[in-house]
Amino acid sequence: MRHPVIVALCLAGTVGLSACNRTSDAEVQRAIQSVNVIDETNLNDIMLTVGDPNEAVAYFTKASTENPDRIDLKRGLAKSLIRANRPADASTVWAAVAASPEGTLDDRVSLADSYIRQNDWKKAEAELNRIPPTHETFERYRLEAMVADSKKDWKKADSFYETAAGMTTKPAGVYNNWGFSKLSRQDFAGAERLFVQALTYDDSLFTAKNNLVMARGAQRKYDLPVIQMTQTEKAELLYTLALTAIKKGDVSVGKALLQDAISTHPQHFEAAVRSLAALEA
């Protein structure tokens, strides 16, 4: 008489165990999907930062084609195209992203940036004008400053550069661009101050060092500024200073600086050697 009960209990236990197994399988699948999402996110980040630009373009092209509704993958493709120095192609993607229902004002800022990289200042300005003034971001003001520069609207450019510099913890690039703007206006003293300021935030920024030397040379300051530099950088800065002196008509000073550049460089400095030979000829 006990056998049917035992069998029933065993069957109930089997069903219960089967249900437990099904629940566990579902949980495992969800866990795997979560891991896949994390892995994909990490891979996307790697592709956008340290990955080879062309490989990143191929990766995001494939991923966005397979998942046409994923706006994040299209943004990844546009950013990868910028890294691969293909701003025209990036503009096409950014325009589609910005026009989509999920498009944001930041996407439109990125579209304006891609136009600037093509030297299409009119389109860049048009895109920035479509963004309401309440959208106050570092990238927006940085681009506004560059557009104002292109129009030689110096008052606006200075205002935008100042605002952009105050909106980031890493303003070296802004101060360098602002200094170059001053350099183009022949405000050499103002440019010098801004390049020095850029280097206080990033003393490894060679572009700012080179620009600083040009600004000083334009004022006939032919000694190197007291800044951190490697021996190779010192030679290259002396070379820049020499060319600046020669352009100012101070040929003898330029020759001496070229000789210093050649003797300072740890290797053969072909460009300086050619320039010196041309002067002596």
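Coordinates for the structure precede this section.
All values reported here derive from a predicted model rather than from experimental measurement.

Rules behind the numbers
- Residues numbered from 1 in each chain as written.
- Predicted model: local features only at pLDDT ≥ 70, side-chain atom pairs only at ≥ 80, totals over all residues.
- Heavy atoms only, no water.
- Helix = DSSP H or I, 4+ residues; strand = E, 2+ residues; numbered from the N terminus.
- Buried < 20%, exposed > 50% of the residue type's maximum accessible area, 1.4 Å probe, protein only.
- Contact = heavy atoms within 4.5 Å.
- Areas by Shrake-Rupley, 256 points an atom, 1.4 Å probe, with all protein chains shown as cover.
- Arc of directions from axis to C-beta.

Chemist: Which parts of the structure should I look at to understand the overall build of the chain?
Modeler: For the chain, the count of helices and strands is 14 helices and 0 strands. For the chain, the α and β elements follow one another from N to C terminus as α-α-α-α-α-α-α-α-α-α-α-α-α-α. A burial count over the chain gives 38% of its 281 residues as buried. Excluding contacts between residues fewer than 6 apart, the proportion of contacts in the chain whose partners are at least 24 apart in sequence is 45%. Accessible area for the chain stands at about 16200 Å²; split by element, carbon and sulfur atoms hold 55% of it.

Chemist: Got a minute to help me understand helix α14 (residues 270-280) in this structure?
Modeler: Counting along an α-helix, one turn takes 3.6 residues, and residues three or four places apart therefore face a common direction. Among the residues making up α14, those that are buried are A272, S275 and L276. All buried residues of α14 project into a common sector of 95° when viewed along the axis, lining one side. Facing away from the buried surface of α14 by more than 90 degrees, the exposed residues are R274 and A278. Of the surrounding elements, those touching the buried residues of α14 are α12 (231-247) and α13 (251-264).

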